[in-house]
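Topology and contacts: notes
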Amino acid sequence: MKLSIIIPHHNGEELLHNCLQSLLNHISIQDFEIIVVDNGSTDNSVVKAKEKFPSINLLTSKTNLGYSGGCNFGAKNAKGEYIIFLNNDTLHTKNWIEELISFLDKNPQAGAAQPKILNAVKRDTFDYAGGAGGYIDKYCFPFVRGRIFNSLEKDSKQYDDIKKIFWASGAAFIIRSELLQQLNYFDNIYFAYMEEIDLCWRLQALGLSVWNVPTSIIYHYGKQTIKENTFKSHYLNHRNSWILFLKNSATFEKGLLIIKRFILDIMAAVYSILTLDINRFFAIFASQLWLACNLITLINIRLGNHLRHHRLDLIYQRSIAIDYFFKRKKIFNQIFE
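Residues numbered from 1 in each chain as written. Predicted model: local features only at pLDDT ≥ 70, side-chain atom pairs only at ≥ 80, totals over all residues. Heavy atoms only, no water.

By size, the foremost hydrophobic cluster in this structure holds 71 residues, and its most contacted members are Phe 85, Phe 166, Phe 173 and Ile 175. Element by element, the count of residues in this core is highest for helix α7 (residues 231-248), at 7 residues. Once residues lying within four places of it in the same chain are set aside, the contact partners of Ile 175 are Tyr 82, Ile 83, Phe 85, Gly 111, Ala 112, Leu 180, Leu 199 and Leu 203. Core analysis: the next-biggest nonpolar cluster, separate from the first, contains 31 residues, Leu 3, Ile 7, Cys 19 and Val 46 among them. (Core = buried A, V, L, I, M, F, W, Y, C linked by side-chain atoms within 4.5 Å. Buried < 20%, exposed > 50% of the residue type's maximum accessible area, 1.4 Å probe, protein only. Helix = DSSP H or I, 4+ residues; strand = E, 2+ residues; numbered from the N terminus. Contact = heavy atoms within 4.5 Å.)

This part takes up helix α8 (residues 256-274). For the α-helix, the turn length of 3.6 residues means that residues three or four positions removed from each other point alike. Over its 19 residues, α8 extends 27 Å from the first C-alpha to the last, a length consistent with the 27 Å expected when each residue adds 1.5 Å. Within the sequence span of α8, burial applies to Leu 257, Arg 261, Leu 264, Asp 265, Ala 269 and Ser 272. Here the buried residues of α8 occupy an arc of 145° about the axis, which is enough to place them on one side. In this structure, α8 carries Ile 266 and Leu 274 as exposed residues pointing more than 90 degrees from its buried face. On its buried face, α8 sits against α7, α9 (278-293) and α11 (320-325). (Expected span 1.5 Å × (residues − 1). Arc of directions from axis to C-beta.)

Now for the pairing of strand β6 (residues 110-119). Of all 10 residues making up β6, 10 are buried, and the element is well covered by its neighbours. Of the pairings in the sheet, the one linking β6 to strand β13 (residues 209-220) comprises 9 bridges and is parallel in character. Its bridge partner lying in β13, Gln 114 is registered against Asn 212. Direction of pairing for β6 relative to strand β12 (residues 172-176): antiparallel, over a ladder of 2 bridges. Note that in β12 the partner of Ala 113 across the bridge is Ile 174. (Pairing = 2+ DSSP bridges.)

Now the structure itself:
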């Protein structure tokens, strides 16, 4: 089989229906399967989806495995040469899948690729979660072509070149199935947020690359499963950024990098107070408490990651937070001038 499309799902009948209908309306290849992984939904959304779209394969979990666990559950049951991981709050365009497959078929050193991801409501604007491909600074703060922190750019085709990127968005990306198995899938410790960055980091350490293919386009609503600006979303983002940092960084510059990273967290906490963002303020300290309580686990995760010694070229060697908040660099092209 050429392709397996895996959609992790947790509640939302309309979202899942619209995603599947749009997907089936726009796919032209014949040799594929769609796997919907139900992460302990409490509504009847997957039952109704199966009735409406009987061709889908439905896997069910009694508990919410998160994005990482749900995707792993689906991938371990997939038959495709390629796997696309796809959020249930996406809408699609003609040939977006075929463009990604064609790119990987022609480029054997490319391990994964993502489409251009635009916002499903403001369709002339890049999506927060994916844009035109992801990057990361040395403190493990992520940003994308088309979005830095909360500043979203309009799509005026400024990023319509096929480009090597650091990470592909979990909202929609394709990866070789054999490579995913070699990397031992997503790391379940993340639950949600940044597990795709961790996977792409390890993929590049193997000598392969990640790409944005702008001739492939999808639309993404975003923030539907874990709502934006909640304590949970801020907590997982801050906690997982630390996990990513401690697990994968090739060097901590004799410990100075860790100290600087703590200072950036303190600055973020102060900024949260000044902007009355109480959820973020408490989430920052809750994430640090989790780190303290799980320090041994994190040390073992780092020691078990034999790919951490590889220094990768695409890591931004300054602080994206300093550039954004103090140097007022709000768009991607100002960062890589």
